[in-house]
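Structural overview
Spelled out from the first residue to the last, the chains are:
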Amino acid sequence: MSLENQPTPLPTKSPMKLHESSGRWQLGLGLSLVTVFLWGVLPIALKITVQALDVYTVTWFRFSLSFGILVCILGMRQQLPSLEKLRGTSWKLLAVATGFLSVNYALYLQGLSQTSPANAQVFIQLAPVLMGLGAIAIFKERYTLRQWAGLGILTLGFVVFFHEQLQTVLAAPRTYLIGNIILVIAAAAWAVYALAQKQLLQQLTSSNIMLLLYGICALLFLPFSSPSQLVTLTPLEWGMLIFCGLNTVVAYGAFAESLAHWDASKVSAILATTPIVTLVSVWVISLGIPLPIAPEQLTILAVVGAMLVVTGSVAIALGKRPHSPRKSDPFSQQSG
């Protein structure tokens with residue numbers, strides 16, 4: 001057969017390049033801990049806020065305040081996204097991240113309003129677990145045997161730690177069942193958002209991504225919100241609402257940046273300790289500040305569960321593979 005008559009091979013579509021962490025694990029770990037603390041105290045402020053405002057108004061205010069603050073910060077630093085970068089952004093992926101983040105915000109508040117801060121943190125912990133498993137499936141991150149054992153210890157710790165809360169759910173299904181179903185859906189939505197967020201880091205910086213997410217989400221919730229309700233707030237409620245907005249900027253900013261420097265599966269392991277911060281914060285605040293939230297009673301069984309949760313999280317974070325290709329990152333795993 002002559003060369004002229006040979007069929008021209010069809011061009012093959014190269015697979016989409018997946019995001020890889022920078023390897024600066026110390027920075028990723030520190031940012032993850034900042035997120036844990038802020039997300040741990042957030043349900044307390046939200047629980048007070050939703051007693052005065054509806055879910056949509058609270059969510060709209062948080063996104064709007066976060067967007068305004070981030071615009072000012074990035075503008076002063078001359079780090080606003082350029083038109084060229086925006087043209088090269090995957091708007092489908094951005095739409096996925098925006099949509100599922102909006103669903104998470106609205107449903108988490110709805111579930112929180114029907115349960116309690118501690119109970120909400122029980123079920124929302126499905127989010128980092130699903131995120132970690134999704135990272136293993138999508139980004140080819142791998143768990144070692146030690147990390148899988150850590151996941152088992154962490155799971156056992158949550159069962160022990162929240163034994164009293166789970167019994168409350170079973171004893172009062174009419175009060176908690178619907179709220180918990182909503183929280184489970186919110187957790188799944190957050191996991192999808194987080195994985196989309198990590199992949200978007202291929203095209204934009206974490207701050208630029210959050211700027212777009214805040215702005216679009218604020219516009220989405222505006223038609224359903226009632227800004228006129230803000231004039232009826234007490235000083236305490238105003239303080240809690242503003243704190244929620246500031247919390248959104250710092251916590252999600254730290255979380256987004258942590259994904260740029262550390263594996264998503266390991267970030268999720270650190271985030272799993274958030275409920276401990278919530279319960280301890282409720283107990284500490286109740287000792288000195290009269291808030292309309294009942295303090296959580298920590299039993300010996302709950303303390304044992306807390307220790308198991310922390311132990312499991314550390315085992316996952318430190319369960320490195322031998323002969324790591326990145327010597328600067330003791331948490332990095334050898335690619336297969």
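Summarised in this report is the structure supplied together with it. Here the structure is a predicted model, which is why all the values come from computation and not from measurement. (Residues numbered from 1 in each chain as written. Predicted model: local features only at pLDDT ≥ 70, side-chain atom pairs only at ≥ 80, totals over all residues. Heavy atoms only, no water.)

A few points about the packing of helix H1 (residues 25–49) against helix H11 (residues 235–261)
- Two elements in contact, H1 and H11, have axes whose closest approach is 8 Å; the angle formed by their N-to-C orientations is 155°. The angle between H1 and H11 places the two elements in the roughly antiparallel class. Pair H1 / H11 crosses with left-handed handedness.
- When its residues are assigned to classes, the contact of H1 with H11 shows 20 nonpolar, seven polar and one charged. (Axes fitted to C-alpha atoms, helices over the stretch in contact; angles between N-to-C directions. Helix = DSSP H or I, 4+ residues; strand = E, 2+ residues; numbered from the N terminus. Parallel < 35°, antiparallel > 145°, perpendicular 65-115°, else oblique. Left-handed = near helix turned anticlockwise from the far one by under 90°. Nonpolar A, V, L, I, M, F, W, Y, C, P; charged D, E, K, R; others polar.)

Description of empty space enclosed by the protein
- Under the defined criterion, the tally for this structure stands at four cavities of 30 Å³ or more.
- By volume, the largest cavity is sized at about 280 Å³.
- Trp-39, Tyr-108, Ile-124, Trp-190 and Tyr-252 are the residues nearest the centre of the largest cavity, which is lined by 17 residues in total.
- At the level of secondary structure, the elements contributing two or more residues to the lining of the largest cavity comprise H1, helix H4 (91–114), helix H5 (117–124) and helix H6 (126–138).
- With four residues, H1 is the largest single contributor of residues to the lining of the largest cavity.
- Quantified by volume, the second largest cavity comes out at close to 100 Å³.
- Forming the boundary of the second largest cavity are Pro-128, Val-129, Gly-132, Leu-133, Tyr-143, Leu-151, Leu-154, Ser-265, Ser-268, Ala-269, Ala-272 and Ile-316.
- Among the elements of the structure, H6, helix H7 (145–161) and helix H12 (264–271) are those that each provide at least two residues to the lining of the second largest cavity.
- No other element matches H6, which puts four residues into the lining of the second largest cavity.
- Residue classes in the lining of the second largest cavity are distributed as nine nonpolar, three polar and no charged. (1 Å grid on protein atoms, 1.4 Å probe; cavity = no way out; pocket = protein on both sides within 12 Å on 5 of 7 lines; lining within 4 Å. Points joined across faces, edges and corners; volume = space filled by probe spheres on them.)

Side note on a nonpolar patch on the surface
- Judged by side-chain polarity, Val-280, Trp-283, Val-284 and Leu-287 come together as a nonpolar surface patch covering roughly 380 Å² of accessible area.
- You can see Val-280 is positioned in helix H13 (residues 274–288). (Patch = residues over 30% accessible without salt bridge, like charges linked within 9 Å, V, L, I, M, F, W, Y side chains within 5 Å. Areas by Shrake-Rupley, 256 points an atom, 1.4 Å probe, with all protein chains shown as cover. Salt bridge = Lys/Arg side-chain N within 4 Å of Asp/Glu carboxyl O.)

Comments concerning the environment of Gly-28
- Mapped onto the fold, Gly-28 is located in helix H1.
- Since its relative accessible area comes to 0%, Gly-28 is described here as buried.
- Gly-28 sits 228 residues away from Ala-256 along the chain, and the two C-alpha atoms are 9.7 Å apart.
- Among all residues touching Gly-28, those that are not within four sequence positions of it are Ser-258, His-261 and Trp-262. (Buried < 20%, exposed > 50% of the residue type's maximum accessible area, 1.4 Å probe, protein only. Contact = heavy atoms within 4.5 Å.)

Re helix H10 (residues 206–221)
- The first and last C-alpha atoms of H10 sit 22 Å apart over 16 residues, in line with the 22 Å expected at 1.5 Å per residue.
- For H10, the buried fraction is high: twelve of the 16 residues fall into the buried class.
- Listing the buried residues of H10 in full gives Ser-206, Asn-208, Ile-209, Met-210, Leu-211, Leu-212, Leu-213, Tyr-214, Gly-215, Cys-217, Ala-218 and Phe-221. (Expected span 1.5 Å × (residues − 1).)

Digging into the side chain of Asn-104
- On the secondary structure map, Asn-104 appears in helix H4.
- Every residue in contact with Asn-104, bar those within four places of it in the chain, is listed here: Ile-124, Ala-186, Ala-189, Trp-190 and Tyr-252.

A closer look at the layout of surface pockets
- The calculated volume of the second largest pocket comes to roughly 350 Å³.
- Those elements that provide at least two residues to the lining of the second largest pocket are helix H2 (55–76), H10 and H11.
- Here the lining of the second largest pocket takes six residues from H11, the largest share from any one element.
- The residue makeup of the lining of the second largest pocket, split by class, is ten nonpolar, four polar and two charged.

Remarks on H2
- Taking 1.5 Å of rise per residue, the 22 residues of H2 would be expected to cover 32 Å, and the 32 Å separating its terminal C-alpha atoms lies within 8% of that figure.
- Elements that come into contact with the buried residues of H2 comprise H1, H4, H10 and H11.
- The N-cap of H2, judged by a side-chain oxygen 3.0 Å from the amide nitrogen of Tyr-56 a few residues on, is Asp-54.
- Among the residues trailing H2, Gln-78 stands out with phi positive, at a value near 55°. (Polar contact = N/O pair within 3.5 Å; in protein donor to acceptor, adjacent residues only side chain to side chain.)

So, the environment of Phe-255
- Tracing the sequence through the fold places Phe-255 in helix H11.
- The exposure class assigned to Phe-255 is buried, which follows from its relative accessible area of 0%.
- It is 9.0 Å that separates the C-alpha atoms of Phe-255 and Ser-206, two residues lying 49 residues apart in sequence.
- Filtering out sequence-adjacent residues up to four positions away, Phe-255 remains in contact with Thr-35, Trp-39, Met-131, Trp-190, Tyr-193, Ala-194, Val-267 and Leu-271.

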